[in-house]
Amino acid sequence: MISSLRGMNDILSEDYERFTYFLSVATKVAHRYGFHFIETPILEETALFKRSVGESSDIVGKEMYQFIDKGENDVCLRPEGTAGVVRAFIQKKLDRAGGIHRFFYHGPMFRYERPQKGRLRQFHQFGVESFGVESVHEDVSMIMMASDILRELGIGYRLKLNSLGCNECMPPYRQNLINFVTVHKEHICEDCIRRVDTNPIRVLDCKNEKCQSIYANAPKLINHLCPNCNGEFATLQTLLTQSGIAYEIDTHLVRGLDYYSKTAFEFVSDDIGSQSAIAGGGRYDRLVEFLDGRPTPAVGFAMGIERLMELIIMPQNSRDGYYMGAMDESTLDLVVKMAHQKRSSDKVVLDYKPKNLKNHLKAADKVNARFCCVIGEDELQNGTIWVKDLEDKTEKTLSHEEFYALKETL
Ligand code: HAM
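Criteria and cut-off values
- Residue numbers run consecutively from 1 along every chain, following the written order of its sequence.
- Only residues with pLDDT of at least 70 are given local features in this predicted model, and only at 80 or more are side-chain atom pairs given and counted; all residues enter the totals for whole chains, interfaces and linings.
- With hydrogens and water stripped out, all remaining heavy atoms of the structure feed into the side-chain values.
- A cutoff of 4 Å decides nearness: a residue is near a molecule or strand if any of its heavy atoms lies inside that distance of it.
- By the criterion applied in these results, polar contacts are pairs of N or O atoms within 3.5 Å in which, for protein atoms, one can donate a hydrogen and the other can accept it, and in which residues neighboring in sequence qualify only through two side-chain atoms.
- Reported accessibility uses the Shrake-Rupley method at a 1.4 Å probe radius. Residues are deemed covered only where the shown protein chains occlude them.
- The secondary structure listing takes helices from DSSP runs of H or I that are at least 4 residues long and strands from runs of E that are at least 2 residues long, numbered from the N terminus.
- Three classes are used: nonpolar for Ala, Val, Leu, Ile, Met, Phe, Trp, Tyr, Cys and Pro, charged for Asp, Glu, Lys and Arg, and polar for all others, with Gly counted as polar.
- Axis definition: a line fitted to C-alpha atoms, limited for helices to the stretch in contact. Angles are taken between N-to-C directions and run from 0 to 180 degrees.
- What sets the label is the angle itself: under 35 degrees gives roughly parallel, over 145 gives roughly antiparallel, 65 to 115 gives roughly perpendicular, and the rest give oblique.
- Here a crossing is called left-handed whenever its near helix is offset anticlockwise from the far helix by less than a right angle, and right-handed whenever the offset is clockwise.
- Should any heavy atoms of two residues lie within 4.5 Å, those residues are counted as being in contact.
- Any two strands with at least two DSSP bridges between them are considered paired.
- Exposure is judged per residue with a 1.4 Å probe applied to protein chains only, and the accessible area is read against the type maximum: over 50% gives exposed, under 20% gives buried, and values in between give partly exposed.

1. Here's the deal with the site of the ligand
And step 1. Lining the immediate surroundings of the ligand are 25 residues, of which E80, T82, E113, E129 and Y260 lie closest.
And step 2. In the environment of the ligand, a nitrogen atom lies 2.6 Å from a nitrogen or oxygen atom belonging to the side chain of Y260.
And step 3. Contact with the protein chains covers 95% of the free accessible surface of the ligand, which is 670 Å².
And step 4. Elements supplying a minimum of two residues to the shell around the ligand: β6 (122-131), β10 (277-283) and β11 (298-304).
And step 5. Sort the elements by how many residues they give to the shell around the ligand and β10 lands first, with five residues.
And step 6. Counted by class, the shell around the ligand contains eleven nonpolar, seven polar and seven charged residues.

Printed below as a string of structure tokens:
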């Protein structure tokens, strides 16, 4: 038997219901905030991710599904969605058009990580990207949008917040941090020693406990922000407090992707184990220019759908549509004909196997139908159909006209 690859799951039945329920809520909230759907290819040039996510990041350095295609192009399965949206934004010349452009997307992402609970090699993200707004109000709006989605799904969270500064305050801080780490070089892990040369800021979110105890005393960027970043970070916190959104400052929150500046945030859940990040994002004002577009401020976030599916509280009553079946072989043709007609306006699950009423009721319950509709010899002769409302348990015999006119809300 051929099985799916490690870390790559099928989504079906009950999981699929959770998956589509998540998407319906997230899409509805995205529309409320004025975002439009964008679909970008799953396969992109490897260079796109090297330049945006960063060569020194774990994602690009260790986790890409990268290969040379039949036309000798160096391509890879996207490990995240932001880079592709930025590429499309520039390719469609929206950076030149100016104004504000807001997009949302969802789809599979691929990272060759060590699979474990909550960490997959193929996983799905729902993400949003906003271009053209420099004000920190948009950052707040992004955080509120993620918070709205989580609230509507009944998911509790903690919000972690940090500022990664800008071109003015980050370089001197980086040097400060390198000096600190160099003093402690003999006591930190191999990965951190490597990071000092490639991407020093990433040492701060090293998972090694010994490293963490050393970095507890490392200089903090929020104490070295330039006046502009400092003012914006203060405004961000005031606006969040005014909006009733609780947060905690995490000076070690640096994110695993290199394109961020200023605001960085992560939503974590305490109910799903060690892979606790359910959403993450921030501002990336330099990325459009870095990918050869006109300088454009931008901010966004993405949520991990599989991790959220563990936490979603599904609405209680999800019965919907009609289940239709025949009691005898002789009534099957009529049932099929009526089902086709009913489908022009309603959802109908059709059962082709004649069986007794008890078994039809069981089958209707299994597919979560609202109405179980059955035709036997008597109904065939009388020109009627027997209908049971599985929600309020009432039973009726209806004429064909009454059946076609029947609505779920009545
Ligand atoms: P990210 O933090 O790398 O950010 O991923 C966002 C979310 O995807 C995570 O919070 C997590 O829920 C989920 N996720 C990541 N890796 C895995 C995995 N291996 N298995 C299951 N779920 C996973 C980004 O990707 C940025 N593009 C977000 C962004 C959008 N920033 C600005 N705009």
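Now, onward.
2. Overview of the packing of helix α6 (residues 136-152) against helix α10 (residues 227-242)
And step 1. Where α6 contacts α10, the axes come no closer than 9 Å and their chain directions differ by 40 degrees. The orientation of α6 with respect to α10, classified from their angle, is oblique. When you trace α6 past α10, the crossing you get is right-handed. Contacts between α6 and α10 involve V136, H137, D139, V140 and I143 from the former and E232, T235, L236, L239 and L240 from the latter.
And step 2. Its residues assigned to classes, the contact of α6 with α10 shows six nonpolar, two polar and two charged.

3. Focus: the sheet that holds strand β3 (residues 65-68)
And step 1. Strand order in this open sheet of three strands is β2-β4-β3, and the pairing throughout is antiparallel. Whereas interior strands pair on both sides, the edge strands pair on one side only; in this sheet they are β2 (43-45) and β3. Strand-to-strand twist in this sheet, taken as the mean axis angle between neighbours without regard to direction, amounts to 35 degrees.
And step 2. Relative to strand β4 (residues 74-77), β3 runs antiparallel, the two sharing four bridges. Its bridge partner being in β4, Y65 is matched across the sheet by L77.
And step 3. Relative to the sheet, helix α2 (residues 46-54) contacts β2, β3 and β4, its axis offset from that of β2 by approximately 75 degrees.

4. Let's talk about the pairing of β10
Residues in a regular strand project their side chains so that they alternate between the two faces of the sheet.
And step 1. Of all seven residues that make up β10, six are buried, and the element is covered over most of its length.
And step 2. In this sheet, β10 lies alongside strand β9 (residues 261-268) in antiparallel orientation, the contact comprising six bridges. Counterpart to E266 in the pairing with β10 is G280.
And step 3. Inspection of the sheet shows β10 paired to β11 by five bridges, in the antiparallel sense. Counted as the bridge partner of G281 is F301 from β11.

5. Focus: the sheet that holds strand β14 (residues 371-375)
And step 1. Taken in spatial order, the five strands of this open sheet run β13-β12-β14-β15-β16, and their pairing is mixed. The open sheet has two free edges, formed respectively by β13 (348-350) and β16 (395-399), since each of these has just one partner strand. When the angles between neighbouring strand axes are averaged without regard to direction, this sheet yields 25 degrees.
And step 2. Both strand β15 (residues 384-389) and β16 contribute to a ladder of five bridges, which runs antiparallel. Bridging across to β16, K388 finds its partner in E395.

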